[in-house]
Amino acid sequence: MSASETIHVDGVWRAAATGATREILDPADAKTLEVVAEGGAEDADAAVEAARRAFDGGAGQWPRTPVAERAALLRRVADLLQRDREEIALIESRDTGKTLEEGRVDVDDVTNAFRYFADLVMNESGGRVVDAGSPDVHSVVVHEPVGVCAMITPWNYPLLQASWKVAPALAAGNTFVIKPSEVTPLSTVHLIKLLVEAGLPAGVANIVTGAGVPVGQRLAEHPDVDLFSFTGGLVSGTKAGAAAVAGAKKIALELGGKNPNVVFADSCATDEGFDTAVDQALNAAFAHSGQVCSAGARLIIEESVRDRFVAELARRAEKIKLGRGTAEGVECGPLVSQQQLEKVEAYVASALQEGAQLRCGGRRPEPSDVRPATGYFYSPTVLDGCHRDMKVIREETFGPILTVETFTTEDEAVALANDTEYGLAGAVWSADTARARRVAARLRHGTIWINDYHPYLPQAEWGGFGKSGIGRELGPAGLDEYRESKHVYENLRPEPVRWFAG
Ligand SMILES: NC(=O)c1ccc[n+]([C@@H]2O[C@H](COP(=O)([O-])OP(=O)(O)OC[C@H]3O[C@@H](n4cnc5c(N)ncnc54)[C@H](O)[C@@H]3O)[C@@H](O)[C@H]2O)c1
Ligand SMILES: C[N+](C)(C)CC=O
């Protein structure tokens, strides 16, 4: 297999049908990391055909494979992920720019997702018996796989977002075609290799590396795709989702977020509480350089504690060690691309023009031994004095920008936190448990953390209110996305109904 044979269709690794390739860049220095196949619509078609054949009766009969065997395969994949933990963490770090430690955490989370869905399907009963009101009827609702799933993933958590689709899809007995982001496809290629090594039959798992248009678009439109599952931005997600819905496919969309981190002054009443809330505000906003769908990019803080909090935040943000994700001691990597860097710069410029005050950052850092001049680095930035009409408040910046808004009453805090077209995640910080729970209950977001930020669990559903998406990943609902329900009504004493007299 040559390096650019990154398309896997019907059990065979190959190059793009056109022979086209794409250079994958290391965001830390903009040098070429790998060369991959640049698939096109023809490759997408071949992959869907393979997945269709494998679903409808191909070798291995994956949809009809006993649940215990499917679960066992998922567990083997989990073991292989752990065997390759360092290698995959390195791939992910070099491809996305995230630190090696962030890469390791991702591999562990991916492993947990595979184990969780293996356990979930094993612990289920075979169906739900329904009381049909007659002893002569046996009525049961069973689950069946949806069919051929098309999966589209983003560049910020390539392997993790792939696993949230691949693990439940396989657990449920589906076949699939995945198209990773053209910016960061490498770890997903590795995952497909592990699925093959674990013994998945040919045609069940297919990957086409390539661009959103034409590959993703073709998958959205393809008549033989049954489910279109997309994780990415609002604009491309709604466009692709509309194409899928036009063909009456099932869709699942995991889109962006503009996530509030609401801090009440009582959480900062003690030195320990203050230190924790500041530390977690940094974690919320600047982990993976803010390139996280659930990043706590909007700090919404009680006015009385704002000056002290923001001063400490800015002091610590300035100390964050920026550099190549694989370098020792680095805490934050570069942005993923030149395009992302320029987008972040434009948001900061527009915020300053609209009256925000720069407390720290707002620039590209000086090059150093861990920060090549050609890398896409941007300093963690705190913008104070922000308000709802600013573009930086309304749009997802997806970079290391933390904006500050203030409130004086609980109602005002809730109104600000809900004042977004998104609704993915958010946090409430308060020493008053009743207040924290009351506010959490009023927030219109899919995940709420109380006195914490960022943890997610494979057993808890993940997804968004509002324009953050349609459907849920993880948890039992994350498995249900990949299944159809079928009601089987069995009459044990059939007789004529005589509805028609003749
Ligand atoms: N909700 C979540 O769980 C979650 C998780 C991670 C990332 N995200 C979101 O992802 C976004 C960042 O990722 P991105 O920049 O890669 O997003 P993006 O929308 O630019 O691309 C995502 C994927 O869609 C593909 N694509 C683009 N246009 C397409 C089209 N017309 N048809 C089909 N596929 C198409 C891309 O090639 C890529 O694979 C952010 O908005 C972030 O919030 C959401
Ligand atoms: C879903 N999550 C938080 C892992 C990654 C979002 O970008």
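Residues numbered from 1 in each chain as written. Chains lettered and ligands numbered in written order. Predicted model: local features only at pLDDT ≥ 70, side-chain atom pairs only at ≥ 80, totals over all residues. Heavy atoms only, no water.

Asks: Hey, could you run me through the packing of helix α5 (residues 158-172) against helix α6 (residues 186-197) in this one?
Replies: Axis separation between α5 and α6 bottoms out at 9 Å; the angle between their running directions is 30°. For the element pair α5 / α6, the angle class is roughly parallel. As for how α5 packs across α6, the hand of that crossing is right-handed. Across from P158, L159, A162, V166 and L170 in α5, the residues of α6 making contact are S187, T188, L191 and L195. Along the lines of polarity and charge, the residues of the contact of α5 with α6 split into seven nonpolar, two polar and no charged. (Axes fitted to C-alpha atoms, helices over the stretch in contact; angles between N-to-C directions. Helix = DSSP H or I, 4+ residues; strand = E, 2+ residues; numbered from the N terminus. Parallel < 35°, antiparallel > 145°, perpendicular 65-115°, else oblique. Left-handed = near helix turned anticlockwise from the far one by under 90°. Contact = heavy atoms within 4.5 Å. Nonpolar A, V, L, I, M, F, W, Y, C, P; charged D, E, K, R; others polar.)

Asks: Please explain the site of ligand 2 as it appears in this structure.
Replies: Lining the immediate environment of ligand 2, one finds N156, Y157, L160, Q161, W164, V292, C293, S294, Y456 and W462. Here an oxygen atom of ligand 2 sits 2.8 Å away from a polar atom, N or O, in the side chain of N156. Most atoms of ligand 2, that is more than half of them, are within 2 Å of grid points of the second largest pocket. Residues of the shell around ligand 2, tallied by class, amount to seven nonpolar, three polar and no charged. Among the domains, domain 1 (43-255 + 468-488) and domain 2 (260-450) are the pair contributing at least three residues each to the shell around ligand 2. (Near = heavy atom within 4 Å. Polar contact = N/O pair within 3.5 Å; in protein donor to acceptor, adjacent residues only side chain to side chain. 1 Å grid on protein atoms, 1.4 Å probe; cavity = no way out; pocket = protein on both sides within 12 Å on 5 of 7 lines; lining within 4 Å. Sits in = over half its atoms within 2 Å of the grid points. Domains from an automatic or database assignment.)

Asks: Which parts of the structure should I look at to understand the layout of surface pockets?
Replies: Sizing a probe to match a water molecule and rolling it over the atoms shows the empty space that remains. Considered as a void within the structure, the largest pocket measures approximately 1,100 Å³ in volume. For the largest pocket, the lining is made up of 44 residues, of which W155, F230, G232, G233 and S236 are closest to its centre. Sorting the residues of the lining of the largest pocket by element identifies α7 (212-221), β10 (227-231), α8 (234-246) and α11 (338-353) as the ones contributing at least two each. Residue contributions to the lining of the largest pocket peak at six residues, all from α8. (Points joined across faces, edges and corners; volume = space filled by probe spheres on them.)

Asks: Can you help me understand the packing of helix α9 (residues 271-286) against helix α10 (residues 303-318) in this one?
Replies: Two measures define how a pair of helices packs: the angle their axes make with one another and the distance between the axes. At a minimum axis distance of 10 Å, the contact between α9 and α10 shows a crossing angle of 55°. The orientation of α9 relative to α10 falls into the category oblique. Here α9 runs over α10; the crossing is right-handed. Where α9 abuts α10, its residues D271, F274, D275, A277, V278, D279, A281, L282 and F286 lie against R308, F309, E312, L313, R316 and A317. Among the residues making up the contact of α9 with α10, the classes are represented as nine nonpolar, no polar and six charged.

Asks: Help me understand the domain arrangement of the protein chain in this model?
Replies: Note: interface size is frequently given as the accessible area lost on complex formation between the parts. For the protein chain, the assigned domains are domain 1 (43-255 + 468-488) and domain 2 (260-450). On the domain 2 side, the residues contacting the 19 residues of domain 1 number 20 residues. Taking both sides of the interface into account, the surface hidden between domain 1 and domain 2 amounts to around 1,500 Å²; carbon and sulfur atoms contribute 61%. By the criterion of area lost to domain 2, the three top residues of domain 1 are T99, W155 and S468, representing 34% of everything that side buries. Linking domain 1 with domain 2 are zero salt bridges, by the criterion used here. Between domain 1 and domain 2 we count six residue pairs in polar contact (both at pLDDT 80 or more) in total. Elements with a contribution of two residues or more to the side of domain 1 that touches domain 2: α3 (85-96) and α4 (100-122). Of all the elements, α3 adds the most residues to the side of domain 1 that touches domain 2, at five residues. In terms of residue class, the side of domain 1 that touches domain 2 is built from seven nonpolar, seven polar and five charged. (Buried area = accessible area lost by both parts, 1.4 Å probe. Salt bridge = Lys/Arg side-chain N within 4 Å of Asp/Glu carboxyl O.)

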